[in-house]
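Okay, here's what each chain looks like letter by letter:
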Amino acid sequence: KRNPLLIYEQVLQEDRVLLAEREARAFATHEPLDVEVRVRLPSGEIRWRHFKSAPRLLPDKRIVWDGIELDITDRKCAETALRESEERLRLKNTALKEILAQIETERVETAKVVAANIENFTKPILKKMRLDASPRDRKYLDMLESGLKDITSQFGVRINALDSLSAREMEICN
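## So, the packing of aromatic side chains
Going through the model one piece at a time under the given rule, you end up with one aromatic pair. Lys76 extends its terminal NZ or CZ atom over the ring of Trp48, reaching a point 4.4 Å from the ring centre.

Rendered as structure tokens:
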């Protein structure tokens, strides 16, 4: 003897209210039923099912429901894996932003120290050397000063210049 309620008895207790509400609405409005619930198989395994059914009026005015039950466990597992992967990526992006901010802070501090050392120690020595330098030595001092400008100008380049990122790179960072 077949048990027409067997399928409902397999629905997990916590999903039965959702199923009952959706069924009641579908019956009251004669609109299709469309619901996803978890079931416990006789083996004890829990699987996801998608129930879809639609009302059909018979000539004698009775209504029958034609429906299908689909196993959507693989899709649900993939959705869960995707959400978890997105969360891991979001956390990595947050960590990357923090690392880039720390690098920028360290770069700014290093630039300040280098600039202060050049301004307070190296430039006064060069200035004093220039007073007693021959024309040939002044050329060397000019080259040295030019080299110092090149060195300090490199600290003016922002490591994490966000304005140089493409739209896609900005989207990935955010």
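## Considerations on the nonpolar core
In this structure, Val11, Leu19, Ala26, Leu33, Val35, Val37, Val39 and Phe51 together form the largest nonpolar core, which totals eight residues. Breaking this core down by element, the ones donating at least two residues are helix H2 (13-29) and strand S1 (33-40). It is S1 that contributes the most residues to this core, four residues altogether. Setting aside its immediate chain neighbours within four residues, Leu19 contacts Tyr8, Val11, Val35, Val37 and Phe51.

## What to know about H2
A rise of 1.5 Å per residue sets the reference length of H2, with its 17 residues, at 24 Å; its end C-alpha atoms lie 25 Å apart and thus fit the reference within 8%. Buried within H2 we find Asp15, Leu19, Glu23 and Ala26. Take H2 and look down its axis: the buried residues cluster within an arc of 70 degrees, on one side only. Opposite the buried face of H2, at more than 90 degrees from it, the exposed residues are Glu14, Val17 and Ala28. Buried positions along H2 lie against helix H1 (6-10), S1, strand S2 (46-57) and strand S3 (63-71). His30 occupies a position one or two residues after H2 and carries a positive phi of about 55 degrees.

## A look at the side chain of Arg49
Position of Arg49 among the secondary structure elements: in strand S2. Only 2.8 Å separates the side chain of Arg49 from the side chain of Glu69, close enough to count as a polar contact. Beyond its immediate chain neighbours, meaning those up to four positions away, Arg49 contacts Val35, Glu36, Val37, Val39, Leu41, Glu69, Leu70, Asp71 and Ile72.

## Quick look at the sheet that holds S2
Strand pairing in a sheet relies on backbone hydrogen bonds. The paired strands run either parallel or antiparallel. Pairing within the open sheet is antiparallel, and its three strands lie in the order S1-S2-S3. In the strand order of this sheet, the two ends are held by S1 and S3, each with one partner. Adjacent strand axes in the sheet meet at a mean angle of 30 degrees, parallel and antiparallel pairs treated alike. Strand contacts of helix H3 (residues 73-132): S1, S2 and S3, with the helix running at about 120 degrees to S2, the strand carrying the most contacts.

## Brief notes about the pairing of S2
Pairing between S1 and S2: eight bridges, direction antiparallel. Paired with Arg40 across the strands is Ile46, a residue of S2. Count of turn residues in the S1/S2 antiparallel hairpin: five residues, of which Gly44 carries a positive phi of about 100 degrees. Across nine bridges, S2 lies against S3 in antiparallel orientation. Note that in S3 the partner of Ala54 across the bridge is Asp66. The hairpin turn running from S2 into S3, its antiparallel successor, is five residues long, and Lys61 in that turn takes a positive phi close to 75 degrees.

Definitions and limits used
- Residues numbered from 1 in each chain as written.
- Predicted model: local features only at pLDDT ≥ 70, side-chain atom pairs only at ≥ 80, totals over all residues.
- Heavy atoms only, no water.
- Phe/Tyr/Trp six-rings, centres within 6.5 Å; stacked < 30°, edge-to-face > 60°.
- Lys NZ or Arg CZ within 6 Å of the ring centre and 35° of its normal.
- Core = buried A, V, L, I, M, F, W, Y, C linked by side-chain atoms within 4.5 Å.
- Buried < 20%, exposed > 50% of the residue type's maximum accessible area, 1.4 Å probe, protein only.
- Helix = DSSP H or I, 4+ residues; strand = E, 2+ residues; numbered from the N terminus.
- Contact = heavy atoms within 4.5 Å.
- Expected span 1.5 Å × (residues − 1).
- Arc of directions from axis to C-beta.
- Polar contact = N/O pair within 3.5 Å; in protein donor to acceptor, adjacent residues only side chain to side chain.
- Pairing = 2+ DSSP bridges.
- Axes fitted to C-alpha atoms, helices over the stretch in contact; angles between N-to-C directions.

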